[in-house]
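Each chain, written out:
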Amino acid sequence: MISLTQAPPLLHGRVHYLPTKRRTPFIVRSSSSVQEIDKSSRPPTTAEDSELRSELYASVPFPPIKAAKRVVLVRHGQSTWNEEGRIQGSSDFSVLTKKGEAQAETSRQMLFDDSFDVCFSSPLIRSKRTAEIIWGNRKDEIITDSDLREIDLYSFQGLLKHEGKAKFGPAYRQWQVDAANFNIDGHYPVRELWARARNCWDAILAHESKSVLVVAHNAVNQALVATAIGLGTEYFRGLLQSNCGVSVLDFTPRAEGGSPHICLNRLNQTPNSPVAAGSSAGRKASKRIILVCQGSTQDAEASFSNLGDLPMNMLGVIQAQKTAELLLDQKVSAIVCSPKNACAETASIISRVQEAADCLGADCVPRYVEMKKLQDLDVAEIIQRSLKDTNDGSSQRPGWLNGLNDGVTSTLWEQSGQAWSSLLTELSDGAEEEKIIVAVSHPAAHIALMGHCLNLTKEWLGTFHLDAGSISVIDFPDGPTGRGVIRCINYTAHLGRWSIPITRSTVDDDSF
């Protein structure tokens, strides 16, 4: 095993039309604020300098690359300290449990057919063992990099969570609710982590490889995803990373050189169901929005498929049925869909299965699931305005929304913002303590909805990718008026043999 550096000690019903309502996000990030920094400069000496530095590390341009590169991030399997509820940080005393070993084996099978060129791993035992299981009998050695270790939590490390709360009081509370500004032992751990993650990308992108496996930890994988797509430390705990969850980033070189296009192709595809009960950002969420991309339509061979008002093809019907099965144990309160045929068909299939789910016994009463059509979720005509004269692209390519003209993206962004407000209103209405809303639309609409959830701007539209039949899950541990936590993006494992392989290249011409 190769080591770059030494390790330091130390997430049918009856149809109604849903009205729209606009809400204004309270924080907005713009991807246009890219700044250069001097990496050789001295460490920050004040809290203000440290906070600024974390933002710069989140937006600094990446080095140019010669060929397309796909990076697959995997979090380690369950460890003994995960099981105990003990704060691990960058300590190296925990090992994989039997469940953790099994999770790693499932990930190995999920990634078995890929020809990775190289594997980078954290040097910590729990991550290194996960990497060894996934890497299997490949001949190339695993490269360990101490910058991939978990977040340094100093005096918190080794404590059970209730011990941390009792011993540190306000500091522990800040760690829970304002981690970006959390300070312990004179350090700002999350800010340090963002700077370290940005350094990791330089090493990963500099390696002459096209397919890279990176096995690390919860917090550092969050930081890797966030720094890649230009998000600052305030997004810590906003992009969930479960044990052995897989995230995929595509880096595509620009013809003119410079920082590559970067697209988050998948987030937190786990060995377990993405809709199973669990915590988000360390807390139980009683409100949830599940974004379901419509099934494939009869124009699926077109460069930009699924945009017309066409019925689903057989593959689309299968995708919708598989999604309905995945959501079988979820008590969905309402299904909101675009009025387009494929979306309404997908929603209807999910609704019928939901209504039958509670009626499998002899004396049961069918449950009514309301289905509503929302005009603001129909984005097909908006996109077609920009694509009617375009034949040189595909909605299967990462970052394809970057090809839309500015007027179209502005209209798409504004309309999707109204749709997002309507979904939050729907989630807030009623007295149910637990509520799940399913939204069905075109992938472009859901990409924009996630952007609004994260309080981004329209410039981020090309940063995310969704496939037909995929699902993405957003939890609200603080309710619909609080911050949304992205539990997964572009999950397709439920589609079985019809799923999009995690490691399949989506770029045909990878040289420029």
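How each quantity is defined
Residues numbered from 1 in each chain as written. Predicted model: local features only at pLDDT ≥ 70, side-chain atom pairs only at ≥ 80, totals over all residues. Heavy atoms only, no water. UniProt positions renumbered as here; feature names shortened; annotations may be inferred. Contact = heavy atoms within 4.5 Å. Helix = DSSP H or I, 4+ residues; strand = E, 2+ residues; numbered from the N terminus. Polar contact = N/O pair within 3.5 Å; in protein donor to acceptor, adjacent residues only side chain to side chain. Axes fitted to C-alpha atoms, helices over the stretch in contact; angles between N-to-C directions. Parallel < 35°, antiparallel > 145°, perpendicular 65-115°, else oblique. Left-handed = near helix turned anticlockwise from the far one by under 90°. Nonpolar A, V, L, I, M, F, W, Y, C, P; charged D, E, K, R; others polar. Core = buried A, V, L, I, M, F, W, Y, C linked by side-chain atoms within 4.5 Å. Buried < 20%, exposed > 50% of the residue type's maximum accessible area, 1.4 Å probe, protein only. Pairing = 2+ DSSP bridges. Salt bridge = Lys/Arg side-chain N within 4 Å of Asp/Glu carboxyl O.

Caption draft 1: Summary view of the UniProt feature "binding site: substrate" (unreviewed entry) in the chain. Mapped onto the present numbering, the UniProt feature "binding site: substrate" (unreviewed entry) falls at Arg-75, His-76, Gly-77, Gln-78, Ser-79, Thr-80, Trp-81, Asn-82, Arg-126 and Lys-161. When residues no more than four places from it in sequence are discounted, the contact partners of Arg-75 are Asn-82, Thr-130, Ala-216, His-217, Asn-218, Asn-221, Gln-241, Ser-242, Asn-243, Cys-244 and Gly-245. Take Gln-78: it is sitting in the loop between strand 3 (69-75) and helix 2 (80-84). Polar contacts involving the side chain of Gln-78 include one to the side chain of Thr-97, which spans 2.7 Å.

Caption draft 2: View of the side chain of Ser-441. Structurally, the position occupied by Ser-441 is in strand 14 (residues 435-441). Aside from chain neighbours lying at most four places away, what touches Ser-441 is Val-292, Cys-293, Gln-294, Ser-338, Cys-343, Leu-377 and His-446.

Caption draft 3: A look at the packing of helix 12 (residues 406-428) against helix 13 (residues 443-453). One way to put it is that helix 12 packs onto helix 13 with a least axis distance of 9 Å and a crossing angle of 70°. One way to sum up the angle between helix 12 and helix 13 is to call them roughly perpendicular. Crossing of helix 12 over helix 13 shows right-handed handedness. On the side of helix 12, the interface is formed by Trp-413, Ser-416, Gly-417, Ala-419, Trp-420 and Leu-423, while helix 13 contributes Ala-448, Leu-449, Gly-451, His-452 and Cys-453. Classifying every residue of the contact of helix 12 with helix 13 gives 7 nonpolar, 4 polar and no charged.

Caption draft 4: Local environment of the nonpolar core. Ranked by size, the top nonpolar core spans 87 residues in total, and within it Trp-175, Trp-201 and Leu-249 carry the most contacts. Setting aside chain neighbours within four positions, we find Trp-201 in contact with Phe-62, Val-71, Leu-224, Thr-227, Ala-228, Leu-249 and Phe-251. Within the second largest apolar cluster, 25 residues are counted, among which are Val-275, Cys-343, Ile-349 and Val-369.

Caption draft 5: Expanded view of the packing of helix 5 (residues 161-168) against helix 6 (residues 170-177). For the pair helix 5 and helix 6, interaxial distance at closest approach is 6 Å and the crossing angle is 125°. When the interaxial angle is binned, helix 5 and helix 6 end up oblique. For the pair formed by helix 5 and helix 6, the contact residues are Lys-161, Gly-164, Lys-165 and Phe-168 on the first element and Pro-170, Ala-171 and Tyr-172 on the second. Its residues placed into classes, the contact of helix 5 with helix 6 shows 4 nonpolar, 1 polar and 2 charged.

Caption draft 6: How the structure looks around the pairing of strand 14. Burial runs high along strand 14: 7 of the 7 residues are buried. With burial as the criterion, each face of strand 14 is covered, one bearing Lys-435, Ile-437, Ala-439 and Ser-441 and the other bearing Ile-436, Val-438 and Val-440. Relative to strand 14, strand 11 (residues 287-293) runs parallel, the two sharing 7 bridges. Across the sheet, residue Ile-289 finds its bridge partner in strand 14, namely Ile-437. One ladder, built from 4 bridges, connects strand 12 (residues 334-337) with strand 14; its direction is parallel. Following the sheet pairing, Ala-334 is matched in strand 14 by Ile-437.

Caption draft 7: Representation of the UniProt feature "active site" (unreviewed entry) in the chain in the model. What UniProt calls "active site" (unreviewed entry) maps, in this numbering, to His-76 and Glu-150. The annotated residues occupy 75 residues of the chain but converge on a single region, no pair of C-alpha atoms lying more than 10.6 Å apart. As for its position among the elements, His-76 is in the loop between strand 3 and helix 2. Look at His-76 and you get buried, because its relative accessible area is 1%. The residues contacting His-76, other than those within four sequence positions of it, are Asn-82, Gln-88, Arg-126, Ser-127, Thr-130, Ala-216, His-217, Asn-243 and Cys-244. Within the secondary structure, Glu-150 sits in the loop between strand 5 (143-144) and helix 5. Contact partners of Glu-150, with chain neighbours within four places excluded, come to Gly-89, Ser-90, Leu-124, Arg-126, Arg-196, His-217, Asn-218, Ala-219 and Val-220.

Caption draft 8: Molecular detail of helix 13. Counting buried residues along helix 13, 11 of its 11 residues qualify, which places the element largely inside the surrounding structure. Restricting attention to buried positions, one finds in helix 13 the residues Pro-443, Ala-444, Ala-445, His-446, Ile-447, Ala-448, Leu-449, Met-450, Gly-451, His-452 and Cys-453. Asn-455 sits one or two residues past helix 13 and shows a positive phi near 55°.

Caption draft 9: Examining the pairing of strand 7 (residues 246-252) more closely. Burial of strand 7 is extensive: 7 of the 7 residues sit out of reach of the surface. Of the two faces of strand 7, both are covered, the one formed by Val-246, Val-248, Asp-250 and Thr-252 as well as the one formed by Ser-247, Leu-249 and Phe-251. In this sheet, strand 7 lies alongside strand 3 in antiparallel orientation, the contact comprising 6 bridges. Across the sheet, residue Arg-70 finds its bridge partner in strand 7, namely Asp-250. Pairing of strand 7 with strand 8 (residues 261-269) involves 6 bridges; the strand directions are antiparallel.

Caption draft 10: Layout of the pattern of salt bridges. Here the structure, examined in full by the defined rule, presents 16 salt bridges. Where Glu-101 meets Arg-129, a salt bridge forms, and the shortest distance between an N and an O atom there is 3.4 Å. One end of the pair, Glu-101, is in helix 3 (residues 98-110); the other, Arg-129, is in helix 4 (residues 125-135), with 28 residues separating them in the sequence. On the accessibility criterion, Arg-129 (35% relative accessible area) is partly exposed.

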